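Results of the structural survey
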Amino acid sequence: MNPWLGQLKKEYRLGKGGALGALIALFLYLGLGVYTAWRMGKPETFFAFCSVAVMIHVVYMAGYLCVSYFLEHKTMHLWLQSPLSVSKLLLAKLVNGFAALALSLFITSVVTLIAGTMVMDVFELNPDMTWPDVIYIGTFLVIHILLISFYIGIGITFLWAIYLVTTKTLGKISGWVIGLGVFFFGPWILAKWEDTKLFDALFIWGKVNLKYNDFVYGIFKHVYVGYYFYHLLLALILFLAASWLIERKVEV
Amino acid sequence: MIEFKNVTKKYRNHLALDDFTLSLPKGKIIGVVGENGSGKSTTLKLISGLIRPSKGSVTIEGEDITRKVSSAKVSYLSELDVYYSFYTVGETIGYYASLYRDFNRSKAEEILDYMKLDRSKKVKDLSKGNRGRLKIAVNLSREVPVILMDEPFSGLDPMVRDSIVKGLLSFVDFQTQTIIITTHEIKEIEPILDLVILIKDGKVLQMEEVEEIRIHQNLSIVEWMKKEYE
Amino acid sequence: MADDFNASKPIYMQLADRINRQILRKELAVGQKLPSVREMAIQSGVNPNTVQRTYSELERMGSVESKRGQGTFVTENQSVLNELRQNLKKEQISSFFADMKEMGFSAEEMISGLKEFISTEERGEQRD
């Protein structure tokens, strides 16, 4: 068997417990939603529960990876002894996390779709709404949740690499301080940079108008291809930096 | 075949190896001995590529050791008593067989039989002794030039130690493989060693042929070690 | 296994001694094949290189012969075996003699003591 497939299977086994736990939590939560809606006599409450469940998936990868990285700490020497490069080792975790995310999000989306169109009849609330609209909005949302969740997962991976390097070389306390520093200041610095004129010149291009102007209360009127390209680039840089740091700087 | 040239290894608050120079020959069973904290484990970890020298160089067959170089040439048994606990014995072997192209599956099966390990048992349910045996099975099944064993006997009862020594003699290819063992249980491996390296405070104190120590000094390794340490 | 050897004496010599005695006791028959180096290493729990050295030493002494590609065999040359027997006897006697002499026994005392010991030993064996 291909070594990476073997690694993929190992990560599947490592992550299985957590993913199942998350799924059970999801069902319990949705059950609570059904109960609340029934007690209040308002079916639309269940749809609200479902919407929150869908949105919460943006942090799914982060949660999955935190568990996976935490569990791996005990077996770091086995993990690093592998003949695979660190980028492939990380990718095995990311792919498994993404599969678990996709499954969980798929289930939640189907339930939400049922809740929105049958329990709380969206077509009755908004007579302009048609099935193609629902599919369009749903697809847009699902794709973006997948992307954002994966993106945050890569951010977590980078933080983990920073944490590993600093705790080994500077000690546990400094490791946490630097890790938290990057966690809080990293996004802040990025936000500052994304506000600059240079950023706009570089990445705000390829405007695509969305089909519905009043889509989600008019927040998303259009998107920029360049902006996606920027985040893709940033994700790639973070991933490669994390791989490099662990490959070259981490000792066990 | 393995060369340490003026290697210094500093950790945050201590010096593990200090200007350490050593040349290890091919096809021998080599024992690395010394008191706790003398640098035995650090020496093996440097060969395994899990750590890197602060100064100096460590090479294997002329190549600088990195994680990648080492993973193709070295099978490393860690002193840590940890494996993926969600796997069974059989799945653990399967995982390593998929990971390493040099993994000899049929040899692994032979060792499992020899060690009387139940393939369907979960790693987390194994006794300490059987976890030790499983580690050896994984370690010896790889057809690589160098086999490293960091404290393979520690915490194991005499029966297990015996099966490990016998397993080593039965399953290692002495024509092509070099074995490097660190241990405190010197008596256990005394009759199977070719060479012994004595380390003190991060430096190589002595390297000797074991039979020469017996022939010329009429000393056992433990006696020799005590004498050299003083 | 390992404990059977004296850790401060060369193991290859101890193993050679052991095999020679087995040959003299006919536990290893004339012309019999010795275990391969690896088998012997596993049986006795010693390094294969040590076993190799033992086999070379035995070959030098003449008690075994190695046949190319077939292995190592106990020699069929009876005179060599006789000589080996005589040598071992001489070795034992000379160390016995040296020890006794060191303790101040005379030659007569040694001979009479030996005779007496042997006769009681044999009587003991007959009773068993």
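A quick note: this is a predicted structure, and the numbers were derived from the prediction, not measured.

1. Some words on the overall build of chain C
- Per the secondary structure count, chain C includes five helices and two strands.
- Ordered by position from N to C terminus, the α and β elements of chain C give α-α-α-β-β-α-α.
- Burial status across chain C gives 32% buried among its 128 residues.
- Sequence separation of 24 or more characterises 52% of the internal contacts of chain C that already satisfy a separation of 6 or more.
- Surface summary for chain C: the accessible area is close to 8,500 Å², and the carbon and sulfur share equals 49%.
- Separation between the mean location of the 18 positive side-chain charges and that of the 20 negative ones in chain C comes to 5 Å.

2. A short note on the interface of chain B and chain A
- Each partner contributes residues to the interface: chain B has 24 residues there, and chain A has 33 residues.
- Looking only at chain B, the three residues that lose the most surface to chain A are Arg 52, Arg 67 and Tyr 84 of chain B, adding up to 27% of its buried area.
- On the surface where chain B and chain A come into contact, there are three salt bridges.
- We note a salt bridge from Arg 67 of chain B to Glu 247 of chain A, for which the minimum N-O separation is 2.7 Å.
- Scanning the region where chain B abuts chain A turns up 18 residue pairs in polar contact (both at pLDDT 80 or more).
- Per-element tally for the side of chain B that touches chain A: the top contributor is helix H3 (residues 89-99) of chain B, with five residues.

3. Brief notes about the domain arrangement of chain C
All names here are of chain C.
- Split by domain assignment, chain C resolves into domain 1 (2-76) and domain 2 (79-127).
- Placing the centre of domain 1 and that of domain 2 at their C-alpha centroids yields a distance of 26 Å.
- Across the boundary between the two partners, domain 1 contributes nine residues, which contact six residues of domain 2.
- Counting the surface domain 1 buries against domain 2, the share from its top three residues, Arg 21, Leu 24 and Thr 75, is 53%.

4. Observations regarding the side chain of Lys 93 of chain A
Residues and elements named next belong to chain A.
- Counting through the fold element by element, Lys 93 comes out in helix H5 (residues 86-119).
- Overall, Lys 93 belongs to the buried group, its relative accessible area being 0%.
- Not counting residues up to four positions away in its chain, the partners in contact with Lys 93 are Lys 10, Glu 11, Leu 14, Tyr 64, Leu 65, Ser 68, Tyr 69, Glu 72 and Trp 79.

5. Structural notes on the packing of aromatic side chains
Residues and elements named next belong to chain B.
- Evaluated as defined, the whole model comprises 27 aromatic pairs over all chains.
- For the ring pair Phe 4 and Phe 20, a centre distance of 5.2 Å and an interplane angle of 70 degrees mean the geometry is edge-to-face. Of the two residues, Phe 4 sits in strand E1 (residues 2-10) while Phe 20 sits in strand E2 (residues 15-24), which places them 16 residues apart along the sequence.
- In this structure Phe 20 comes out as buried when scored by relative accessible area, which is 0%.

6. Concerning the pairing of strand E4 (residues 55-60) of chain B
Residues and elements named next belong to chain B.
- Of the strand pairs in this sheet, E1 and E4 are connected by five bridges, and their pairing is antiparallel. Within E4, the residue paired with Phe 4 across the bridge is Val 58.
- Relative to strand E5 (residues 63-64), E4 is paired through two bridges, and the arrangement is antiparallel. The residue bridging Thr 59 from the neighbouring strand is Asp 64, located in E5.

7. Some words on the packing of helix H5 (residues 128-140) of chain B against helix H6 (residues 158-171) of chain B
Residues and elements named next belong to chain B.
- Relative orientation of the contacting elements H5 and H6 amounts to 10 degrees, with a least axis distance of 10 Å. Between H5 and H6, the crossing angle belongs to the class labelled roughly parallel. Residue-level contacts link Gly 129, Arg 133, Ile 136 and Leu 140 of H5 to Met 159, Val 160, Ser 163, Ile 164, Gly 167, Leu 168 and Phe 171 of H6.
- Here the contact of H5 with H6 is built from residues that sort into seven nonpolar, three polar and one charged.

8. Quick look at unusual backbone geometry
- Positive phi, close to 45 degrees, is recorded for Asn 6 of chain B, a residue that is not glycine.
- Residue class for Asn 6 of chain B comes out partly exposed when judged on its relative accessible area of 45%.
- Despite not being glycine, Lys 26 of chain C shows a phi value in the positive range, around 65 degrees.
- For Lys 26 of chain C, a relative accessible area of 60% corresponds to the exposed category.

9. Description of the UniProt feature "domain: ABC transporter" (unreviewed entry) in chain B
- The feature "domain: ABC transporter" (unreviewed entry), as annotated in UniProt, sits at residues 2-226 of chain B in this numbering.
- Annotated as residues 2-226 of chain B, this span is 36% helix and 26% strand, and its ends, taken at the C-alpha atoms, are 27 Å apart.

10. Let's talk about the pattern of salt bridges
- Tallied over the entire structure, the rule returns 22 salt bridges over all chains.
- Across the pair Glu 185 of chain B and Arg 161 of chain B runs a salt bridge, and its minimum N-O distance is 3.5 Å. Taken as a pair, Glu 185 of chain B in the loop between strand E8 (178-182) and helix H7 (186-189) and Arg 161 of chain B in helix H6 lie far apart in primary sequence, 24 residues in all.
- Judged by its relative accessible area of 17%, Arg 161 of chain B is buried.
- For Arg 60 of chain C, the salt bridge identified is with Glu 57 of chain C, shortest N-O distance 2.8 Å. You can see Arg 60 of chain C and its partner Glu 57 of chain C sitting in helix H3 (residues 48-61), three residues apart, about one turn around the helix.
- The class of Arg 60 of chain C is exposed, set by a relative accessible area of 63%.
- Ionic contacts of the salt-bridge type, sharing partners, join the residues Lys 10, Glu 11, Glu 72 and Lys 93 of chain A into one network.

Cut-offs used in this document
Residues numbered from 1 in each chain as written. Chains lettered and ligands numbered in written order. Predicted model: local features only at pLDDT ≥ 70, side-chain atom pairs only at ≥ 80, totals over all residues. Heavy atoms only, no water. Helix = DSSP H or I, 4+ residues; strand = E, 2+ residues; numbered from the N terminus. Buried < 20%, exposed > 50% of the residue type's maximum accessible area, 1.4 Å probe, protein only. Contact = heavy atoms within 4.5 Å. Areas by Shrake-Rupley, 256 points an atom, 1.4 Å probe, with all protein chains shown as cover. Lys, Arg positive; Asp, Glu negative; His and termini not counted. Charge placed at Lys NZ, Arg CZ, Asp CG, Glu CD. Buried area = accessible area lost by both parts, 1.4 Å probe. Salt bridge = Lys/Arg side-chain N within 4 Å of Asp/Glu carboxyl O. Polar contact = N/O pair within 3.5 Å; in protein donor to acceptor, adjacent residues only side chain to side chain. Domains from an automatic or database assignment. Phe/Tyr/Trp six-rings, centres within 6.5 Å; stacked < 30°, edge-to-face > 60°. Pairing = 2+ DSSP bridges. Axes fitted to C-alpha atoms, helices over the stretch in contact; angles between N-to-C directions. Parallel < 35°, antiparallel > 145°, perpendicular 65-115°, else oblique. Nonpolar A, V, L, I, M, F, W, Y, C, P; charged D, E, K, R; others polar. UniProt positions renumbered as here; feature names shortened; annotations may be inferred.

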